[in-house]
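So the chains spell out like this:
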Amino acid sequence: MVRKKGSLILCGAFLFVAWNALLLLFLRGRPPIGRLAEGGGAEPGAGEEWGGGKAKVGGANGLAGEVIRLAEEVESELETQKKLLKQIQSHRELWEQRKELGKRESEDTKDEKNTEELNKPLQIPAVPPSHKTVDDTKTVMEKQEVLMVTSPRLVMKEQEPKQENKKIVENEVGRTKPSPQFIIPILVIACDRVTVKRSLDKLIQYRPSAELYPIIVSQDCGHADTARVIGSYGSQITHISQPDLADIPVRPDHRKFQGYYKITRHYRWALNQVFNVFPYSTVVIVEDDLEVAPDFFEYFRALYPILRSDPTLWCVSAWNDNGRDGLVNSGKADLLYRTDFFPGLGWMLLKEVWAELEPKWPKAFWDDWMRHPEQRKDRSCIRPEISRTITFGRKGVSLGQFFDQYLRYIKLNTEFVPFTKVDLSYLVREKYDETFEKEVYSAPLVKVEELQQGGSLKGSGPFRVQYSSRDSFKVLARNLGVMDDLKSGVPRAGYRGVVSFISRGRRIYLAPPEGWTKYDTSWS
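- With an unreviewed UniProt entry as reference, the chain is termed Alpha-1,3-mannosyl-glycoprotein 2-beta-N-acetylglucosaminyltransferase, source organism Sinocyclocheilus rhinocerous.
- What the UniProt record of the chain gives under Function (unreviewed entry) is the line "Initiates complex N-linked carbohydrate formation. Essential for the conversion of high-mannose to hybrid and complex N-glycans."
- Under the UniProt heading Sequence similarities (unreviewed entry), the note attached to the chain is "Belongs to the glycosyltransferase 13 family."

Have a look at this one:
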């Protein structure tokens, strides 16, 4: 509307100026006043006395007076038009200012809308505020209750300007860059252990940020006392409940394994909640009988970029199956390995890997299923020299299997290692394999008897002990004090068939012959 009015005023001003210009041209073309051209007319004192031409002069004066009047009117009108043009100009400037202001307001409104959308928290089905318990997605949506969770991208945006929150990490190719402040949720799998309190207390004690490490406790079993313990943490955690508590139909010889079926069902439900309902792009899974180390969160944050970028990795674990005190180098808390054995017991999983596993998720024994070659696909996990978790759950569905002999002696790391400031590029397979094989197969080959008490072997190592069959591996492993079981042919904590550990203060590699190619699944 403003633009249309401006055009009309400018057009009117142009027509008026044009009319006045034509009028001036007409007046300029007439003979000068008081001087006649060759056809007549007179000017005072020009060839005739002024008095003698009185009649003619009187006529000329009348015309001159009219012309002067017209000229004065024209001059007055021109002055008016001048003022009008100045007003038009001032209004034009005002219109331009309003136009620019309107444009800016439009852009600001758009930006505000975009910012509003960006800053809008994710709305995630949640639990009634009194219990923070989600029975299932359908029930929650019917109650129309939502949990406000900060979006990962917003956390990154808020953290970037704060230099103190920027951590320097060596990435997978060795270039130093700021570590992004992505969210790593912790999923606690719980059932009927009220001692989950021990696990949650340590997680909350060592957690550097509730926003970057939200804790989700997923409870199965419907155990009321355990639910009360979990609920006592209030807003420090999110409590969700697996809704299907019914027994699972199994064949008669598997009735004693009902607990394994329920655990596997619970894992599937809980991971679907984390990845598809909340939703997050990664998760660290712990069970309700695990206690974590002081650098547990630092460990996973530093290794997330390696896991994300290296397709030959599919998990990061906090656990060393041979992590007993005496089998690890206590002075190497920062030492990490690749392993072909899926360790579990505090492990990081990516959403993309879950999307691959979920459609074929088993009915029971999910951890052994993960160790099958069809799932592993020649991928490895990262594990530490010294475990970042220990288990205190002797009582469970496994009836204490391995607990008394191995698990109760696992050493928990107590030294905080700033992994985000360490160059971890050596864990990328191309670099790791070359160095690892060179170290293993350049180590002197010795017999197990030489390593035992009273042996004649001198030196600090490393040394290599060689096995060639399933039985020879089991005999040597037992003699050296490491776990002797194999899953799909893979020894616990093994990489390329090699198990690395400390024996009597010396580094030992229990290894197959040089030129190893693949695991023999018949060794399980």
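So, next bit.
1. Description of the overall build of the chain
For step 1, the next point in the chain: On a plain count of helices and strands, the chain comes out with 14 helices and 20 strands.
For step 2, the next point in the chain: Classification of the 524 residues of the chain by burial places 44% in the buried group.
For step 3, the next point in the chain: For the chain, long-range pairs separated by at least 24 residues make up 74% of all intrachain contacts whose partners lie at least 6 apart in sequence.
For step 4, the next point in the chain: Per element, the accessible surface of the chain, about 28400 Å² overall, is 53% carbon and sulfur.

2. Some words on the state of the cysteines
For step 1, the next point in the chain: Scanning the entire structure with this criterion turns up 2 disulfides.
For step 2, the next point in the chain: Between the sulfur atoms of Cys-191 and its disulfide mate Cys-221 the distance is 1.6 Å. With the S-S dihedral at roughly -85°, the linkage between Cys-191 and Cys-221 falls on the left-handed side. One end of the pair, Cys-191, is in the loop between β6 (186–190) and α5 (196–206); the other, Cys-221, is in the loop between β7 (215–219) and α6 (224–231), and 30 residues separate them in sequence.
For step 3, the next point in the chain: Disulfide pairing is shown between Cys-315 and Cys-381; the S-S distance is 2.0 Å. Across the disulfide from Cys-315 to Cys-381, rotation about the S-S bond amounts to roughly 120°, and the bridge is consequently right-handed. Pair noted here: Cys-315 is in strand β11 (residues 313–317) and Cys-381 is in strand β14 (residues 380–384), with a separation of 66 residues, a long-range link. The exposure classification of Cys-315 matches that of Cys-381, with both residues buried.
For step 4, the next point in the chain: Sequence-ordered numbering of the bonded cysteines in the chain gives a disulfide pattern of 1-2, 3-4.

3. What to know about the side chain of Gln-258
For step 1, the next point in the chain: With respect to the element layout, Gln-258 can be found in helix α7 (residues 258–277).
For step 2, the next point in the chain: A relative accessible area of 16% means that Gln-258 is categorised as buried.
For step 3, the next point in the chain: Here the side chain of Gln-258 touches Ile-248 through a polar contact of 2.6 Å, landing on its backbone nitrogen.
For step 4, the next point in the chain: Among residues more than four places away in sequence, those in contact with Gln-258 are Asp-247, Ile-248 and Val-250.

4. A few points about the pattern of salt bridges
For step 1, the next point in the chain: Going through the model one piece at a time under the given rule, you end up with 24 salt bridges.
For step 2, the next point in the chain: One salt bridge in this structure joins Arg-470 and Asp-471, with 3.5 Å as the shortest N-O distance.
For step 3, the next point in the chain: Taking the relative accessible area as the measure of exposure, Asp-471 reaches 52% and is therefore exposed.
For step 4, the next point in the chain: Through salt bridges with shared partners, a single network forms among Arg-193, Asp-288 and Asp-289.

5. Some remarks on the sheet that holds strand β20 (residues 506–511)
Note: strands within a sheet are paired through backbone hydrogen bonds, in either parallel or antiparallel orientation.
For step 1, the next point in the chain: An order of β16-β20-β19 is seen for the 3 strands of this open sheet, with the pairing classed as mixed. One side of each edge strand has no neighbouring strand; the edge strands of this open sheet are β16 (463–466) and β19 (499–503). Across the sheet, the mean angle from the axis of one strand to that of its neighbour is 30°, orientation sign disregarded.
For step 2, the next point in the chain: Where β19 lies against β20, 5 bridges are found, and the strand directions are antiparallel. Looking at the pairing, Val-499 lines up with Leu-510 of β20.
For step 3, the next point in the chain: Set on the sheet, helix α12 (residues 429–442) makes contact with β16 and β20; between it and β20 the angle comes to about 100°.

6. Some words on the pairing of strand β13 (residues 347–350)
For step 1, the next point in the chain: The two faces of β13 match: Trp-347 and Leu-349 on one face and Met-348 and Leu-350 on the other face are all buried.
For step 2, the next point in the chain: Note that strand β9 (residues 282–287) and β13 share 4 bridges and pair antiparallel. Along β13, the bridge assignment pairs Val-283 with Leu-349.
For step 3, the next point in the chain: Bridge count between β11 and β13: 2 bridges; the pairing is antiparallel. Each residue of the ladder has a partner; that of Val-316, found in β13, is Met-348.

7. Let's talk about α12
For step 1, the next point in the chain: Compared with the 20 Å implied by 1.5 Å per residue over 14 residues, the 19 Å span of α12 between its first and last C-alpha is a close match.
For step 2, the next point in the chain: For α12, the set of buried residues is Tyr-432, Asp-433, Phe-436, Val-440 and Tyr-441. Projected onto a plane normal to the axis of α12, the buried residues spread over an arc of 120° and lie on a single side. In α12, the exposed positions angled more than 90 degrees off the buried face are occupied by Glu-430, Glu-434, Lys-438 and Ser-442.
For step 3, the next point in the chain: Its buried side turned inward, α12 meets β12 (336–339), β16 and β20.

About the criteria used
Residues numbered from 1 in each chain as written. Predicted model: local features only at pLDDT ≥ 70, side-chain atom pairs only at ≥ 80, totals over all residues. Heavy atoms only, no water. UniProt positions renumbered as here; feature names shortened; annotations may be inferred. Helix = DSSP H or I, 4+ residues; strand = E, 2+ residues; numbered from the N terminus. Buried < 20%, exposed > 50% of the residue type's maximum accessible area, 1.4 Å probe, protein only. Contact = heavy atoms within 4.5 Å. Areas by Shrake-Rupley, 256 points an atom, 1.4 Å probe, with all protein chains shown as cover. Disulfide = S-S within 2.5 Å. Polar contact = N/O pair within 3.5 Å; in protein donor to acceptor, adjacent residues only side chain to side chain. Salt bridge = Lys/Arg side-chain N within 4 Å of Asp/Glu carboxyl O. Pairing = 2+ DSSP bridges. Axes fitted to C-alpha atoms, helices over the stretch in contact; angles between N-to-C directions. Expected span 1.5 Å × (residues − 1). Arc of directions from axis to C-beta.

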